[in-house]
Amino acid sequence: MMLDPRRNPKLVNALRLLAPGTDLRLGINDIIKGHLGALIVIAPREEIEPLCSGGLELNIPFSSQMLYEVAKMDGAIVVDDELSMILRANVHLMPDAAMPTSETGTRHRTAERVARQTDAIVVAISQERDTVNVYTGGARYQLDSVNDLLAKATQGLATLQGHRVQLERGADELTLQELRGDVSIDDVLNVLQRAEMAARMIGEIQRNVAELGLDGRLVSMQLVELSEGVEEERLAIIRDYRNVNGDDVVLDPLAALKYGELVDLGCVGRAMGYADRSGVEPRPRGYRALAHIGGLADEETERIIAGFPTYDALMRATLRELQAVTTERAADVQQGLRRLHDRHLKHNV
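Rules of the game
Residues numbered from 1 in each chain as written. Predicted model: local features only at pLDDT ≥ 70, side-chain atom pairs only at ≥ 80, totals over all residues. Heavy atoms only, no water. Helix = DSSP H or I, 4+ residues; strand = E, 2+ residues; numbered from the N terminus. Polar contact = N/O pair within 3.5 Å; in protein donor to acceptor, adjacent residues only side chain to side chain. Contact = heavy atoms within 4.5 Å. Salt bridge = Lys/Arg side-chain N within 4 Å of Asp/Glu carboxyl O. Buried < 20%, exposed > 50% of the residue type's maximum accessible area, 1.4 Å probe, protein only. Core = buried A, V, L, I, M, F, W, Y, C linked by side-chain atoms within 4.5 Å. Axes fitted to C-alpha atoms, helices over the stretch in contact; angles between N-to-C directions. Parallel < 35°, antiparallel > 145°, perpendicular 65-115°, else oblique. Left-handed = near helix turned anticlockwise from the far one by under 90°. Nonpolar A, V, L, I, M, F, W, Y, C, P; charged D, E, K, R; others polar. Expected span 1.5 Å × (residues − 1). Pairing = 2+ DSSP bridges.

Engineer: Give a description of the side chain of Glu211 that names residues and reports values.
Structural biologist: For Glu211, the position within the fold is in helix α7 (residues 185-212). At 3.0 Å, the side chain of Glu211 forms a polar contact with the side chain of Tyr141. Look past the residues within four positions of Glu211 in its chain and what remains in contact with it is Arg6, Leu15, Ala19, Pro20, Tyr141, Leu143, Asp144 and Leu149.

Have a look at this one:
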């Protein structure tokens, strides 16, 4: 499974500048319709100036129409990093020829080298293929059409909805097991697996939304609804059951798992610190239970967890015992834990 290059934060920011409806994207669309090629460099003047040779010094206000007009010349176009001015046109760029590149065409080789050598965003428009490639740092990405992006986003929402249903079902079953005191390590890892799959799909759709710009508003609204609580569930499971010190010690190896590894509970278990799952009898610490209580700060959650040695002690805590560790929210915590108990245990007797 190939890693989505849009995981690069710099590329995500570049795609926002190039989103449909922006002046930059309108200008690029006009260049494509005019069957022109172009090399557009977006960078502060002082950063790109050492790589520029010849051309015309323009310093004119940026607009999609003017971008199209100057693209009729052969050289590169230099735009300031605020997209307010077209600084130069018909420029010959001279990046370090020793800079590694995987590209073959002259325009694209130059684009990749400039992006690697500077912090510039470089857009290469192919005259022959009508394609648009974006380079920033070591990342390269070919822009999709709006229709293709919407199709991907819609399919992603449907997939996320399926993950969300399975996550909620597994989370409810895990809560019931916690209340009964018979938690299985495989059930814990299954829920974490679903949460990680949902989180990855959320990230992919977010990148589609960033690339869609204004055309992604409806997708964004649906995503907000479907992603609610997913990250909180994933983090609470890790904090409840990790067999290592620190959340990042789990989050980083979990994020590094390829899809084929993520569907293997053994790999998920090792990310959680379980080299061997046989004979493991996991005990929750109470993070998932407290996550159901709205507005509880992390610091307060930690104080409550530290104040009760076991999950059972937390669930049976009296108001006075809770007040000893959290004076302001003791009543809310007690009521929230009781509701959690009643909703899951009484309804499954």
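From this point, things continue past the structure.
Engineer: Hey, could you go over the pattern of salt bridges for me, with residue numbers and the actual values?
Structural biologist: According to the stated counting rule, one finds 19 salt bridges in the structure shown. For Glu281, the salt bridge is made with Arg283, and the minimal N-O distance between the two is 3.6 Å. Assigned by exposure class, Glu281 and Arg283 land together as exposed. Sharing partners across several salt bridges, the network here consists of Glu196, Arg200, Glu231 and Arg234.

Engineer: Go over the side chain of Asn133, please, and point to the residues and values.
Structural biologist: Mapped onto the elements, Asn133 comes out in strand β7 (residues 132-136). A polar contact of 3.1 Å, which involves the side chain of Asn133, links it to the side chain of Arg140. With near-sequence residues (within four places) excluded, Asn133 lies in contact with His108, Val122, Val123, Ala124, Arg140, Tyr141 and Gln142.

Engineer: Now, about the nonpolar core: what can you tell me, with residues and values included?
Structural biologist: Leu160, Ile205, Tyr241, Leu254 and Met272 are the most contacted members of the largest nonpolar core, which totals 37 residues. Among the secondary structure elements, those contributing two or more residues to this core are α6 (146-180), α7, α8 (217-227), α9 (230-241), α10 (248-256) and α12 (265-271). Counting residues per element, this core draws most heavily on α7, which supplies 12 residues. Aside from chain neighbours lying at most four places away, what touches Tyr241 is Leu174, Glu178, Val183, Val188, Met272, Tyr274, Pro282, Arg283, Pro284 and Arg285. Within the second largest apolar cluster, 31 residues are counted, among which are Ala14, Ile77, Ile121 and Ala139.

Engineer: Quick one: what's the story with unusual backbone geometry, residue by residue and with numbers?
Structural biologist: One non-glycine residue, Leu83, adopts positive backbone phi at about 55°. Take Leu83: it is sitting in the loop between β4 (76-79) and β5 (85-93). The backbone phi angle of Asp130 is positive, close to 55°, even though this residue is not glycine. Looking at where Asp130 falls in the secondary structure, it is placed in the loop between β6 (121-125) and β7.

Engineer: Hey, could you go over the packing of α9 against α10 for me, with residue numbers and the actual values?
Structural biologist: For any two helices packed against each other, one specifies the inter-axial angle together with the distance between the axes. Viewed as axis vectors pointing N to C, α9 and α10 meet at an angle of 120°, and their least axial separation amounts to 10 Å. The pairing of α9 with α10 is recorded here as oblique in orientation. Classified by chirality, the crossing of α10 by α9 is right-handed. Contacts between α9 and α10 involve Arg234, Leu235 and Ile238 from the former and Val250, Leu251 and Leu254 from the latter. Considering only residue class, the contact of α9 with α10 consists of 5 nonpolar, no polar and 1 charged.

Engineer: Would you mind going over α6 in detail, with residue names and values included?
Structural biologist: Along its 35 residues, α6 runs 50 Å from first to last C-alpha, staying within 8% of the 51 Å computed at 1.5 Å per residue. Just beyond α6, the residue with positive phi is Gly181, at close to 80°.

Engineer: Tell me about the pairing of β4, residues and numbers included.
Structural biologist: Residues of β4 alternate between two faces, with Ala76 and Val78 on one and Ile77 and Val79 on the opposite face, all of them buried. Here 3 bridges tie strand β1 (residues 38-42) to β4, and the two strands are oriented parallel to one another. Of the residues in β4, the one forming a bridge with Ile40 is Ile77. Strand direction decides the pairing type here: β4 and β5, joined by 3 bridges, are antiparallel. Across the sheet, the residue bridging to Val79 is Ile86, located in β5. Hairpin geometry of β4 and β5 is characterised by an intervening segment of 5 residues between the two adjacent antiparallel strands and by a positive phi of about 55° at Leu83.

Engineer: How would you explain the packing of α6 against α9 if you had to name every residue and give the values?
Structural biologist: Relative orientation of the contacting elements α6 and α9 amounts to 35°, with a least axis distance of 12 Å. Seen from above, α6 lies across α9 with left-handed handedness. Contacts between α6 and α9 pair Arg164, Leu167, Ala171, Leu174 and Glu178 from the former with Val230, Glu233, Asp240 and Tyr241 from the latter. Here the contact of α6 with α9 is composed, by residue class, of 5 nonpolar, no polar and 4 charged.

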